[in-house]
Amino acid sequence: TETTAEHDDEYYPPPFTSPATLTPSTTCPAYGLGHLIRDGYYYYENRVVSEASRRMPRPKRSSPLRGQPQTDPPTPEGTPQEKGGWSRGALCRRVGKDEHCAFTYAEFNNGEGISIITTAARILLLGSQPPLAPHPATDTETANKRSKTDTTPSESHYYKDVTIPNKGIGLLATQPIRTGRRVMARTPAVMVDDRAFKGLRKEDLALLLGQAILALPDAHRKRFLNLSIAHDEAVTGGGSLTAGMELIYNIFTNNAFKTTVTLERVDKEGGGGGVASSSEADFQSAFTEVSRLNHDCSPNLGYYFDSATLSQKVYAARDIMPGEELTVSYVDVLQPRSTRSHLLNTTWHFTCSCARCSPNPANPADDTHILLESDSRTSQIRSLLRSLDDYTTKDPNPATHGPQKAETLITLYELEGLQVRIYEAYYRAALEWNGVGDAERAVRYARLCLASGLVLRGPDRPFVRSMRALVEDARAHWSWRFRVPVKD
Ligand SMILES: C[S@@+](CC[C@H](N)C(=O)[O-])C[C@H]1O[C@@H](n2cnc3c(N)ncnc32)[C@H](O)[C@@H]1O
């Protein structure tokens, strides 16, 4: 129905790519992860089929790809080699009919460079649209987009990298950072087409990654090679893998984020430069600076990938004090503590010591109660979301029921330090107040939802469009009085 379709994706998938099924089953037992992921998201599954399917465990590396193949718009004429600026690695590897190669555009982003493992067809599409179009920007719009592809000098003063006990390198705030401030925006060092990531054998992916990294400009390559591998992963080589290739492979899987790119085919014949067709393509992307952010289950930063500039944009989810560590979450923060801990252990090989996971070593006995309470709140959040997202129930007491639940939801997000997702609670509050015919309160919460949702998820989300429409005209929004029983 219209109501469910409209806010299909106000949830977000876990930020970091779980590389679990990439690694041999000794590090991630195949029996465990899928079950736990499904448990963590069980309340999404019936309603949001596409989101749920994206969260399913990856197919095994050797198995054929599952699900519908992604279809690209028709490609422009020519081969990558004919297009200026791009080079291609000597060896390519097939997934089904598609041949995947390592393409590098060394001049990208003022000489930072980027390598992309994908098909020639996709490179032709990517290379013909900003910000990867090889020719100097001639129009102001493209020039503006290009200038925004990177962290500005003032942003890079917000933090410094330091070694943190038991966490490797992390980023510390060097000055106060206010809620909603952009902290960094970075383009990837390497992107891997999801079809190659899921479909290639480890050896083949490692081979392409090796070519991709070696072709990067020196500075970017060195920064990539300095990134971490999980602490307990030995790099020994073996089989057809050299130690160098295995290192690159492990760095990539420990540091990759899922990113979605819009592929546009521009209609040249019309002369106006209009977009003839577009589609979305998933990639796994490693960034040299964003990937330094350590995990926390109540993180102080949120982020989204901006396809127009190919950059990961990172924002403060709450006020941050100088000296505080900057953190993101690697897992869905609404999962139970045991599930989060298990995923972090099996996938990134560390024991989470954040306040929602581990007792304070000074008084572990006292903190047990605190952790139990946190888990109980998180469980109530999930149950409230489930109940509020059932739009079929009418409320016999319309002045209180849905709105009360939504207000409780906001309080619980705040108590759990989940400002990074508080827009989800504001969204429900806006709908519930509108659902009982209180436009004023509904608009207030829609405004709050937009204020945090825009910076933490970006401007192109269905829930952003929905909240804008509600602010514009609450009575014309689908949710107007939807909880009030219709009298015969
Ligand atoms: C994406 S990297 C983050 C940056 C990394 N610390 C470094 O030195 O480059 C992920 C790795 O950082 C470490 N890490 C991240 N968050 C952590 C945390 N909360 N506690 C302990 N180790 C953590 C783990 O070794 C994990 O595999």
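This is a predicted model, so every value here is computed, not measured.

1. A word on the sheet that holds strand β14 (residues 325-328)
Taking strand neighbours across the sheet as the criterion, the four strands line up as β5-β6-β14-β11 in an open arrangement whose pairing is mixed. Among the strands making up the open sheet, the edge pair consists of β5 (159-164) and β11 (294-295). Looking at chain direction, β5 and strand β6 (residues 168-173) are connected through six bridges and run antiparallel. Of the residues in β6, the one forming a bridge with I164 is G168.

2. A few points about the sheet that holds strand β7 (residues 182-186)
In a beta sheet, neighbouring strands pair by backbone hydrogen bonds and run either parallel or antiparallel. Read across the sheet, three strands follow the order β7-β13-β12 without closing on themselves; strand pairing throughout is antiparallel. Either end of the sheet is taken by a strand with one partner, and the two such strands are β7 and β12 (301-306). Each strand axis lies, on average, 15 degrees off the axis of its neighbour in the sheet, ignoring direction. Pairing between β7 and strand β13 (residues 311-316): four bridges, direction antiparallel. In the sheet register, R186 faces β13, and the bridge partner there is Q312. Sheet strands in contact with helix α16 (residues 439-457) are β12 and β13, and its direction is about 60 degrees off that of β12.

3. Some details on the pairing of strand β3 (residues 98-105)
Taken residue by residue, a regular strand's side chains alternate between the two faces of the sheet. For β3, the tally of buried residues reaches six of eight residues, placing the bulk of the element in the interior. Relative to β3, strand β1 (residues 86-88) is paired through three bridges, and the arrangement is antiparallel. Directly across from W86, in β3, lies its bridge partner Y105. Relative to β3, strand β2 (residues 93-95) is paired through three bridges, and the arrangement is antiparallel. Directly across from R94, in β3, lies its bridge partner E99. Counting the residues between successive antiparallel strands, the hairpin from β2 to β3 contains two residues, one of them, G96, with a positive phi of roughly 60 degrees. Relative to strand β4 (residues 114-118), β3 runs antiparallel, the two sharing five bridges. Pairing of T104 across the sheet is with S115, part of β4.

4. Concerning the site of the ligand
Around the ligand, the surrounding shell holds 18 residues, and the nearest of these are K167, I169, R292, N294 and W348. At 3.0 Å, a backbone N or O of H295 approaches a nitrogen atom of the ligand. Expressed as a share of its isolated accessible area of 560 Å², the protein-covered part of the ligand is 97%. For the shell around the ligand, a count of residues per class yields seven nonpolar, nine polar and two charged.

5. Things to note about unusual backbone geometry
Comment: phi is negative for the bulk of residues other than glycine, and the bulk of peptide bonds are trans. Omega for the peptide link from P130 to P131 comes to 0 degrees, which places this bond in the cis form. Looking at the element boundaries, P131 is found in the loop between α5 (120-126) and α6 (140-147). Positive phi, close to 50 degrees, is recorded for N109, a residue that is not glycine. Topologically, N109 is positioned in helix α4 (residues 108-111). The exposure class assigned to N109 is buried, which follows from its relative accessible area of 9%. A positive phi angle, near 55 degrees, is found at N110, a position not held by glycine. Counting through the fold element by element, N110 comes out in helix α4. The class for N110 is exposed, based on a relative accessible area of 78%.

6. Concerning the pairing of β4
Counting buried positions along β4 yields five of five residues, so the element is predominantly enclosed. Burial along β4 is two-sided: I114, I116 and T118 facing one way and S115 and I117 facing the other are all buried. Bridge count for β4 against strand β8 (residues 190-193) is three bridges, and the pairing is parallel. Note that in β8 the partner of S115 across the bridge is V190.

Conventions and cut-offs
- Residues numbered from 1 in each chain as written.
- Predicted model: local features only at pLDDT ≥ 70, side-chain atom pairs only at ≥ 80, totals over all residues.
- Heavy atoms only, no water.
- Pairing = 2+ DSSP bridges.
- Helix = DSSP H or I, 4+ residues; strand = E, 2+ residues; numbered from the N terminus.
- Axes fitted to C-alpha atoms, helices over the stretch in contact; angles between N-to-C directions.
- Contact = heavy atoms within 4.5 Å.
- Buried < 20%, exposed > 50% of the residue type's maximum accessible area, 1.4 Å probe, protein only.
- Near = heavy atom within 4 Å.
- Polar contact = N/O pair within 3.5 Å; in protein donor to acceptor, adjacent residues only side chain to side chain.
- Areas by Shrake-Rupley, 256 points an atom, 1.4 Å probe, with all protein chains shown as cover.
- Nonpolar A, V, L, I, M, F, W, Y, C, P; charged D, E, K, R; others polar.

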